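Residues per chain are reported as follows:
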Amino acid sequence: MPNNFALGKEKLWSRRQLLKLGLASTGMIGAAALWQVLNNSQSKSIVKVPPMDMSISEGVASPMTMLRNFDYGTLKQENGRTIREFELIAGTSIIKLNSAVSYNIWDLNGRIPGPTLRAKQGDRVRILFLNRAGHSHSLHFHGVHPAEMDGVRPVSNNKATIYEFDAEPYGVHLYHCHIEPVTRHIAKGLYGMFIIDPPTPRPPADEIVLVMAGYDVNDDSHNDYYAFNGLPHYYMNHPVRIYQGQLIRLYVLNIIEYDPAVTFHLHANFFDVYRYGMSMTASEKTDVITMGIAERHILEFAFRYPGKYMFHPHQDAIAENGCMGQFEVVANNNSKNS
């Protein structure tokens, strides 16, 4: 495999060079639509998603959009092989954690968390990374890949590079900056989920992403606020709408730095656990699971009764400081209550 990470001796690629090669992020929406047609044609008649107000904008954080938004990349053909290409740009932003507190972050593509990247096992994945965030950064992907693609080399400000590897193994993975101090670079926003789907698709479900993170606004290595998908308390004020009786596939990632572990608890229900998403068979059924930093799982469930049901870590201080939300289960005339 050619080493696209460096040209000559560690010469990183510029934005202009990438554009000359036609590696900009055009056609991404079309690729996502094509993926849906090819892979979810069966599920369209089965999976039901309630309408939600998607016009709500919270600047760099967009929790409602984040729930069901998957970036499938741009499909390209090169030398007889399909390449799934993504573009990630590191930048800086200010996020409003509440009406009184704003916080400087590093973002990816102008958002926090970064885009949820998605591929199939065996796909050739190419990530075009441009750093415009003022400091050296990198992207490290969890999974299997050659050493030169491991994302531990710094990419200077206003420089770019390419990570390219085969997507394997299937499961729920993540990506994040790996420049020291790594904890700080992650905690300030340089992270996202990386899903590799299995060769045989999972059963149709309403698929939802929840990323748990913390904010250390005082730089004292202690989190002051916590959030699902970027903003504290957001899903308490804007519940996640799901249908009664619909299978929910929850992709949950704990990227809370400074706290060694958190739990995830679902009210009035139990979920099947697919640890790290690396199995097609559930390992257990529970209503609370403990997750260390960077741990992630698939949790599947369906609600029997309509109403609002909370989800949160069972550490009260973490939940009360922002990591808390609700599912609003909408009545489905085709569902049974028993």
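Model, not experiment: these values are computed from the prediction.

Structural notes on the packing of aromatic side chains
Evaluation of the coordinates by the stated rule reveals 20 aromatic pairs. Relative to Y72, the ring of F70 has its centre 6.4 Å away and its plane inclined at 50 degrees; by these criteria the two rings are tilted. With centroids separated by 5.5 Å and ring planes inclined at 85 degrees, the aromatic side chains of F141 and F194 adopt a geometry described as edge-to-face. Of this pair, F141 sits in strand β6 (residues 140–141) while F194 sits in strand β9 (residues 191–197), and the two are 53 residues apart along the sequence. We classify F141 as buried; its relative accessible area is 0%. Among the residues examined, F194 registers a relative accessible area of 1% and is labelled buried. The ring of F70 has R118 sitting right over it, with the charged end atom 4.6 Å from the ring centre. Here R202 stacks its cationic end above the ring of Y274, 5.8 Å away from the centre of that ring.

Focus: the sheet that holds strand β8 (residues 171–176)
In space, the 4 strands of this open sheet follow the order β4-β9-β8-β6, with mixed pairing throughout. Every other strand in the sheet has two partners, leaving β4 (117–120) and β6 as the edge strands with one partner each. The sheet contact formed by β6 and β8 spans 2 bridges and is antiparallel. Residue pairing in the sheet places H140 in a bridge with H176 of β8.

Thoughts on the pattern of salt bridges
If you walk through the whole model with that rule in mind, you get 17 salt bridges. When the shortest N-O distance is used, the salt bridge between D197 and R118 registers 2.8 Å. Of the two residues, D197 sits in strand β9 while R118 sits in strand β4, which places them 79 residues apart along the sequence. A salt bridge links R126 to E164, with the nearest nitrogen and oxygen atoms 2.8 Å apart. Note that R126 is positioned in strand β5 (residues 124–131) and E164 in strand β7 (residues 160–166), a separation of 38 residues in sequence. Residue R126 is classed as buried on the basis of its relative accessible area, which comes to 6%.

Concerning the sheet that holds strand β13 (residues 248–254)
Across a sheet, strands are paired by hydrogen bonds formed along the backbone, either parallel or antiparallel in direction. One open sheet accounts for 6 strands, arranged β11-β10-β13-β18-β15-β16; its pairing is mixed. Since the sheet does not close on itself, it has two edges, and those belong to β11 (225–228) and β16 (284–286), each with one partner. Across the sheet, the axes of successive neighbouring strands diverge by a mean angle of 25 degrees, strand direction being ignored. Pairing analysis gives 6 bridges linking β13 to strand β18 (residues 296–301), with the strands arranged antiparallel. Opposite R249, over in β18, you have E300 as the bridge partner.

Considerations on the pairing of strand β20 (residues 325–330)
Summarising burial for β20: 5 of the 6 residues are buried, a large majority. Summarising the sheet, strand β12 (residues 240–243) and β20 pair through 4 bridges and their orientation is parallel. Within β20, the position partnered with V240 by the bridge is F327. Taken together, the 5 bridges between strand β19 (residues 307–312) and β20 define a ladder with antiparallel strand orientation. Paired with M310 across the bridge in β20 is Q326.

So, how was this worked out
Residues numbered from 1 in each chain as written. Predicted model: local features only at pLDDT ≥ 70, side-chain atom pairs only at ≥ 80, totals over all residues. Heavy atoms only, no water. Phe/Tyr/Trp six-rings, centres within 6.5 Å; stacked < 30°, edge-to-face > 60°. Helix = DSSP H or I, 4+ residues; strand = E, 2+ residues; numbered from the N terminus. Buried < 20%, exposed > 50% of the residue type's maximum accessible area, 1.4 Å probe, protein only. Lys NZ or Arg CZ within 6 Å of the ring centre and 35° of its normal. Pairing = 2+ DSSP bridges. Salt bridge = Lys/Arg side-chain N within 4 Å of Asp/Glu carboxyl O. Axes fitted to C-alpha atoms, helices over the stretch in contact; angles between N-to-C directions.

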